[in-house]
Amino acid sequence: MLKHNLLLIYRNFLRAKGFFFINLIGLAAGLVCTLLIYLWVRDEMNMNAFHTKDAQLYQVMEHQKYADELMTTTSTPGILAETMKAELPEVEYAATATWIDPFTLSVKEKNVKAKGYYVGEDYFNIFSFNLLQGNADLVLKDKLSMVISHDLAIRLFGVAEDAVGKTVELQHDKSFHITGVFENIPSNSSFHFDFVLPFELFKEDNEWVTEWGNNGPSTYIVLREGVDPVAFSEKIKDFVKSKDKDDSNVTLFIQKFSERYLHGRFENGVQSGGRIEYVQLFSVIAIFILLIACINFMNLSTARASRKAKEVGIKKSVGAQRQSLIFQYVSESLVMTLLSVGLGLLVVWMLLPHFNIITDKKIMFNLKDPQLLMWLGGLTLFTGLIAGSYPALYLSGFKPAAVLKGEVRGSWGELWARKGLVIFQFFLSVILIVSVLVIYRQIDYVQTQNLGYTKEHLIQFPIEGKVEANRETFLTEVRSIPGVVSAASIGHSLLGRNNNTSGLEWDGKNPDDNILFENVGTNYGLLETLGVEMAEGRTYSEEYGSDSTKIIFNEAAIRVMNLENPIGKTIKLWDQYDLQIIGVVKDFHFQSLHDVVNPLFFRLQPRNTWNIMIRLEAGKEKETLAALDKFYRDFNPGFTFEYQFQDQEYAQQYAAEQRVASLSFYFATMAILISCLGLFGLAAFTAERRLKEIGIRKALGSSSTNIVILLSGDFTRMVLVSIVVGLPVSYWLLHTWLKRFAFHIDLEIWYFLLAGLIALFIAWITVASQAIKAARVNPVKCLRTE
């Protein structure tokens, strides 16, 4: 029976090669998109899930109350981890971690740039970064110990095996001995670093982390087995308040560490999404594309029903049961799906390197992976059944007597079902077209929006080595290099919140208000280097003597402070410093455009700056950077000149959206092409079925133009219906997406009109080729076939 069915399937494929290849390519294209999205989604879902203690591993987070807003942050007091471990029996392990920064490591004359940070003693008991050498309980006991990655060991010593016990110099300042070597960080980790140092050393050099009122480091804990995380989160809610002598605005809670990557966004203290939204979006797109491909198969199979009607009639008349016919046609669909999967796997294997570049992933395609094989098997079965079920039920339902008498005609139900499927295909395509247009426009908007400062031709790099003790000398000499327009130092990156405080008091302040201000340490010439405009007052200048007791706010700060005529007024900072307002800068974006412009102040603190910013003369960047590199190496021996362009770093804030835009474009293109394949097949079959009618019309004087309009009219109406239905849905979806940005484009009508016209034009081009071919046929040949 199976052999007989396979023979029939083979003969059917040979009999209709055109429709076979349309179905094969359409299904294969749909499966390629689905498989690529599956690989990406699985990689996203597995991020940070490799840790052995994943089920008990949590990050301690803070809700901070400010005025009428609840801000959620990963920053916590530096002594939180050790205190929780000591006082809370539910905590098995706890560790503090600072932020990952680039450092210069030296072994004799060799200098290597590497990323590292300070972590607590329990770090390797919490996270499964496998130690190749060293004991997890001991590697961070000594304040001058260092644990390095396998790759870094090779970069420093040539080999990794004998690294333990050797000495490495950090920033040409302190010497550390290697106590452990860990495996290279896997690609599915959100942490990527080359070495770690003991947090106890950081605590010695930074007393502020020992105070409960200060935040900065992150805190990670492992709960003991059986501990209820919800109950524990409730228990620690007021933990900081119980320790902080001042009136704390902090509420603690915990979030599972492996969930942070996908569920990282909070709005007013409530978890409100994050990367999970893109996972959900592309999962839906994968289903849509697969449905479009299946719809093609259904449509073409049912459209060709009249060709198979006599076969069904004869089989039924000689005793064939409906179940056997259903099995035959579903088998045909499953064979087609298997062939499409085989072709799809080959295409995925070829496209994966390029896909990894687009998504910034290192996805591996391993056909020995049991999970992937199970998923492929399920996908094949699902696609085969979905694509083949309707044609099988439809064809097997023919009445043999009616078929053999030639009385089988397409029913209105069949016709509307086929039209409905085409409408649904283009409905999805229209949504994807509009989405691509709007996403690309929004990305372009955030990249080209005036930020309030000039980010082009501006570079920044960290202050380290000899520069730290000689900032002013360094800046003075840099300014004399040809091609350097201006230079200054800053205690900020202008790429998000870096340093903030609510410790400001001023006349007229509501004592119940708790307002967070971004605190930017600055040097002379910084505002001029950035190109920030003054709204009123003046900037810092050496002409006025010492400006260390002066302060400059942005307009947002003046608004929330409700100050009129602010110049000359005095504010108190941390109940210690009386600072006079000398200027107000126009609002500028120091965060991404997802956020509103928040209150900010500049304070003249050259010693509190950690980045150098240099503005280059446009058109002379190459030679100026070469001169800066030579000067830097001479001025700061042992350190390399590694800089970032501010506009490129700013663009990185929208890396997720840029990837979404790229992926949306590719997948929308594929969806449209698959839809067009189906439309092309239907148009070809329609033209073939109406060949005699076309011959009669031409014999009676119809022009080729009239014939083309006749054949295109039905398809045009279907696409127009899909446009009418699809545009309102796409408006709602995109309006919801744009609300994620505090600053975004308006959803103008031309986006939707253009998308509709694109869909209509594509449909016309697809149908026109077959319509024109049919219109040019010789009527004598058409009528002679009878």
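Structural data are supplied above this passage.
Draft legend 1. The arrangement of the overall build of the protein chain in detail. In terms of helices and strands, the protein chain carries 26 helices and 26 strands. Considering only contacts within the protein chain whose residues lie at least 6 apart along the sequence, 77% involve residues at least 24 apart. For the protein chain, the accessible area works out to roughly 36,400 Å², and carbon and sulfur atoms hold 56% of it.

Draft legend 2. Layout of the nonpolar core. Residues Leu35, Leu39, Phe588, Phe602 and Phe667 are the most contacted members of the largest nonpolar core, which totals 110 residues. Ranked by residue count, the leading element in this core is helix H15 (residues 412-448), at 16 residues. Each residue touching Leu39, except ones within four places of it in the same chain, is listed here: Val348, Leu352, Ile363, Phe365 and Leu372.

Draft legend 3. View of the pairing of strand E5 (residues 110-119). For E5, a buried count of 7 out of 10 residues is recorded, marking the element as mostly surrounded by other parts of the structure. In terms of strand pairing, strand E4 (residues 101-107) meets E5 through 7 bridges, oriented antiparallel. Among the inter-strand pairings, Pro102 is bridged to a residue of E5, identified as Lys115. Turn length for the E4-E5 hairpin, with the two strands adjacent in sequence and antiparallel, is 2 residues, and the turn residue Lys108 shows positive phi of about 55 degrees.

Draft legend 4. Representation of a nonpolar patch on the surface in the model. Residues Leu343, Leu346, Trp349 and Met350 make up a contiguous nonpolar surface patch of about 450 Å² in total accessible area. Examined against the element boundaries, Met350 turns out to sit in helix H12 (residues 322-359).

Draft legend 5. Focus on helix H3 (residues 80-87). Taken as a whole, H3 has its buried residues at Leu80, Ala81, Thr83 and Met84. All buried residues of H3 project into a common sector of 165 degrees when viewed along the axis, lining one side. Next to the buried residues of H3 lie strand E1 (57-66), strand E3 (91-97), strand E11 (218-223), helix H7 (229-235), helix H8 (239-243) and strand E12 (250-256).

Draft legend 6. Region of the structure containing the side chain of His492. Residue position: His492 is located in the loop between strand E16 (484-491) and strand E17 (500-501). One polar contact links His492 to Glu518, side chain to side chain, over a distance of 2.7 Å. With sequence-adjacent residues up to four places away left out, His492 is seen in contact with Gln460, Asn498, Asn499, Glu518, Asn519, Val520, Phe590, Trp610 and Asn611.

Draft legend 7. The arrangement of the environment of Tyr643 in detail. Following the sequence through the fold, Tyr643 ends up in the loop between helix H20 (621-635) and strand E26 (644-645). Residues Tyr643 and Ile459, spaced 184 residues apart in sequence, show a C-alpha to C-alpha distance of 6.4 Å. In this structure, Tyr643 is in contact with Ile459, Gln460, Phe461 and Leu625, ignoring residues within four places of it in sequence.

Draft legend 8. Structural context of the side chain of Thr83. Relative to the assigned elements, Thr83 resides in helix H3. Side-chain polar atoms of Thr83 contact the backbone oxygen of Ile79, separated by 2.6 Å. When residues no more than four places from it in sequence are discounted, the contact partners of Thr83 are Trp212, Phe239 and Lys243.

Draft legend 9. Spotlight on the environment of Phe129. Within the secondary structure, Phe129 sits in the loop between helix H4 (123-126) and strand E6 (131-133). In this structure, the C-alpha to C-alpha distance between Phe129 and His51, residues 78 residues apart in sequence, is 7.9 Å. Not counting the four nearest positions on each side in its chain, Phe129 is found in contact with Phe50, His51, Tyr123, Phe124, Phe182, Ile185, Ser189, Phe191 and Phe193.

Draft legend 10. Broad picture of unusual backbone geometry. Within the chain, His457 stands out as a residue other than glycine whose phi angle is a positive 60 degrees. In this structure, His457 sits in the loop between H15 and strand E15 (458-462). Of note, the phi angle at Asn565 is positive, near 50 degrees, even though the residue is not glycine. Its place among the elements puts Asn565 in the loop between helix H19 (555-561) and strand E22 (570-573).

Draft legend 11. Expanded view of helix H17 (residues 471-479). All of the buried residues along H17 are Arg471, Phe474, Leu475 and Val478. Buried residues in H17, looked at end-on, bunch into an arc of 95 degrees, giving them a common side. For H17, the secondary structure elements touched by its buried residues are E15, helix H16 (466-469), E16, strand E25 (611-616) and H20.

Draft legend 12. Representation of the packing of aromatic side chains. Considering all chains together, one arrives at 52 aromatic pairs under this definition. With centroids separated by 5.9 Å and ring planes inclined at 90 degrees, the aromatic side chains of Trp99 and Phe202 adopt a geometry described as edge-to-face. Taken together, the positions of Trp99 in the loop between E3 and E4 and Phe202 in helix H6 (residues 199-205) put the pair 103 residues apart, joining distant regions of the chain. Arranged with centres 5.3 Å apart and planes meeting at 70 degrees, the rings of Tyr650 and Tyr654 form a pair that is edge-to-face. The buried category is assigned to Tyr650, whose relative accessible area is 1%. Given the relative accessible area of 0%, Tyr654 is considered buried. Grouping aromatic residues by their ring pairs yields a cluster made of Phe50, Tyr117, Tyr123, Phe124, Phe127, Phe129, Phe182, Phe191, Phe193, Tyr220 and Phe257. Its guanidinium or amino end placed over the ring of Phe635, Lys466 lies 4.9 Å from that ring's centre, counting from NZ or CZ. The cationic tip of Arg538 hangs over the ring face of Tyr544; the distance from NZ or CZ to the ring centre is 3.7 Å.

Rules used throughout
Residues numbered from 1 in each chain as written. Predicted model: local features only at pLDDT ≥ 70, side-chain atom pairs only at ≥ 80, totals over all residues. Heavy atoms only, no water. Helix = DSSP H or I, 4+ residues; strand = E, 2+ residues; numbered from the N terminus. Contact = heavy atoms within 4.5 Å. Areas by Shrake-Rupley, 256 points an atom, 1.4 Å probe, with all protein chains shown as cover. Core = buried A, V, L, I, M, F, W, Y, C linked by side-chain atoms within 4.5 Å. Buried < 20%, exposed > 50% of the residue type's maximum accessible area, 1.4 Å probe, protein only. Pairing = 2+ DSSP bridges. Patch = residues over 30% accessible without salt bridge, like charges linked within 9 Å, V, L, I, M, F, W, Y side chains within 5 Å. Salt bridge = Lys/Arg side-chain N within 4 Å of Asp/Glu carboxyl O. Arc of directions from axis to C-beta. Polar contact = N/O pair within 3.5 Å; in protein donor to acceptor, adjacent residues only side chain to side chain. Phe/Tyr/Trp six-rings, centres within 6.5 Å; stacked < 30°, edge-to-face > 60°. Lys NZ or Arg CZ within 6 Å of the ring centre and 35° of its normal.

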